Amino acid sequence: PEVEQSIRDALTRVWSEMGVSPREADAHKGVLLELNLPRPLHWEVQIFGDGERVVHFAARDCSLQNQGYQKFIEMALHPQAIAREIAQLETPATTARIASLRRRQATLERICADALRLGTAVHLRGAATVEFLIDQQGEPYFLEVNPRIQVEHGVTEGIVCVRGHAISLVELQQRVAAGETLPFQQEDITFVGDAIEVRLN
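Residues numbered from 1 in each chain as written. Predicted model: local features only at pLDDT ≥ 70, side-chain atom pairs only at ≥ 80, totals over all residues. Heavy atoms only, no water.

Asks: Requested: an account of the overall build of the chain, with residues and values cited.
Replies: On a plain count of helices and strands, the chain comes out with five helices and ten strands. Relative to a compact globule of 201 residues, whose C-alpha radius of gyration would be 17 Å, the chain shows 21 Å and is clearly more extended. For the C-alpha atoms alone, the extent of the chain along its principal axes is close to 65 × 55 × 35 Å. Split into buried and exposed, the 201 residues of the chain put 37% on the buried side. (Helix = DSSP H or I, 4+ residues; strand = E, 2+ residues; numbered from the N terminus. Rg over C-alpha atoms; globule rule 2.2 N^0.38 Å. Buried < 20%, exposed > 50% of the residue type's maximum accessible area, 1.4 Å probe, protein only.)

Listed below in structure tokens is the structure:
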């Protein structure tokens, strides 16, 4: 209630400067509110579709950036890696860390599911990266979609296996562009190990 009132007060001041009352405000005199997320994480989900089926190849953590403009380090991010870290920490002294990792794992699963829904809704054909900002409570916020292969796709390829074999996202993109369908489903994709890309600027 207190936060809602402060937002109402701020909007009333903005509308006043625009020369309208809150009752007169309509779609033509709207106000864009931006959410300030202090020190967010920046995660991106790699998805791929053939126009009918969409799959995800987990995510990348690209939170370390130069003032938010240039990614410096990209790390593979997948549920098995988080589960592995949790398993190594199963001691009473690390309860807080385990809880944090479980929140992280839940957020990762949520954004992967959200990315799949987005790709399915637009009948994605080819590669796309769905980007999110994650606040300090683990709440994800949609940022943007890059509907193309990205230079950091190698980070994803470093941890992905399809039916036990490595995959080339560039080759997959070419095959889909030539009219082929995805020869696998989400259940055929597994993740193992770690991968990291460091950019020298």
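Asks: Can you lay out the state of the cysteines for me, pointing to particular residues and giving the numbers?
Replies: According to the stated counting rule, one finds zero disulfides in the structure shown. Not part of a disulfide, Cys 112 finds its nearest cysteine sulfur in Cys 62, a span of 13 Å. Look at Cys 112 and you get buried, because its relative accessible area is 5%. (Disulfide = S-S within 2.5 Å.)

Asks: Give me the sheet that holds strand 1 (residues 41–50): which residues, what numbers.
Replies: Spatial ordering of the open sheet is given by 7-6-1-2-5-10, a layout of six strands whose pairing is antiparallel. Taken across any chain shown, the strands that pair with only one partner, and hence form the sheet edges, are strand 7 (140–146) and strand 10 (196–198). Looking at each pair of strands side by side, their axes are set apart by 25 degrees on average, direction ignored. Across six bridges, the pairing between strand 6 (residues 125–134) and strand 7 is antiparallel. Of the residues in strand 7, the one forming a bridge with Thr 129 is Asn 146. (Pairing = 2+ DSSP bridges. Axes fitted to C-alpha atoms, helices over the stretch in contact; angles between N-to-C directions.)

Asks: Would you mind going over the packing of aromatic side chains in detail, with residue names and values included?
Replies: Under the definition given, this model contains two aromatic pairs. Ring geometry for Phe 132 against Phe 142: centres 6.3 Å apart, planes inclined by 80 degrees, an arrangement best described as edge-to-face. Pair noted here: Phe 132 is in strand 6 and Phe 142 is in strand 7, with a separation of ten residues, a long-range link. By relative accessible area, which is 49% here, Phe 142 ends up partly exposed. (Phe/Tyr/Trp six-rings, centres within 6.5 Å; stacked < 30°, edge-to-face > 60°.)

Asks: Help me get a handle on the nonpolar core, residues and values and all.
Replies: Ranked by size, the top nonpolar core spans 20 residues in total, and within it Val 45, Ile 47, Leu 108 and Ile 111 carry the most contacts. Elements with a minimum of two residues in this core: strand 1, strand 2 (54–61), helix 2 (79–88), helix 3 (95–121) and strand 6. For this core, the element with the highest residue contribution is helix 3, accounting for six residues. Every residue in contact with Ile 111, bar those within four places of it in the chain, is listed here: Trp 43, Val 45, Phe 132, Ile 134 and Pro 140. (Core = buried A, V, L, I, M, F, W, Y, C linked by side-chain atoms within 4.5 Å. Contact = heavy atoms within 4.5 Å.)

Asks: Residue-level account of helix 1 (residues 2–18), with values.
Replies: With 17 residues, helix 1 should cover 24 Å at 1.5 Å per step; its first-to-last C-alpha distance of 25 Å lies within 8% of that length. Positive phi shows up at Gly 19, right after helix 1, with a value of about 85 degrees. (Expected span 1.5 Å × (residues − 1).)

Asks: Provide a residue-level description of the pairing of strand 6, including the pertinent values.
Replies: By the criterion of burial, strand 6 is predominantly enclosed, with eight of the ten residues buried. Sheet topology places strand 1 next to strand 6; ten bridges connect them, and they run antiparallel. Bridging from a neighbouring strand, His 42 pairs with Leu 133 of strand 6.

Asks: So what's going on with the side chain of Gln 46? Residues and values would help.
Replies: Looking at the element boundaries, Gln 46 is found in strand 1. Taking relative accessible area as the criterion, Gln 46 reaches 0% and is therefore assigned buried. Here Ala 128 takes part through its backbone oxygen, which lies 3.2 Å from a polar atom of the side chain of Gln 46. The contact partners of Gln 46, leaving out residues within four places of it in the chain, are Val 55, His 56, Phe 57, Ala 58, Arg 60, Ala 127, Ala 128, Thr 129, Thr 156 and Leu 169. (Polar contact = N/O pair within 3.5 Å; in protein donor to acceptor, adjacent residues only side chain to side chain.)

Asks: I'd like to hear about a nonpolar patch on the surface, residue by residue, with values.
Replies: Judged by side-chain polarity, Met 75, Ile 196, Val 198 and Leu 200 come together as a nonpolar surface patch covering roughly 440 Å² of accessible area. Relative to the assigned elements, Leu 200 resides in the segment after strand 10. (Patch = residues over 30% accessible without salt bridge, like charges linked within 9 Å, V, L, I, M, F, W, Y side chains within 5 Å. Areas by Shrake-Rupley, 256 points an atom, 1.4 Å probe, with all protein chains shown as cover. Salt bridge = Lys/Arg side-chain N within 4 Å of Asp/Glu carboxyl O.)

Asks: I'd like to hear about the environment of Gly 51, residue by residue, with values.
Replies: Relative to the elements of secondary structure, Gly 51 occurs in the loop between strand 1 and strand 2. In contact with Gly 51, not counting residues within four places along its chain, are His 123, Leu 124 and Arg 125.

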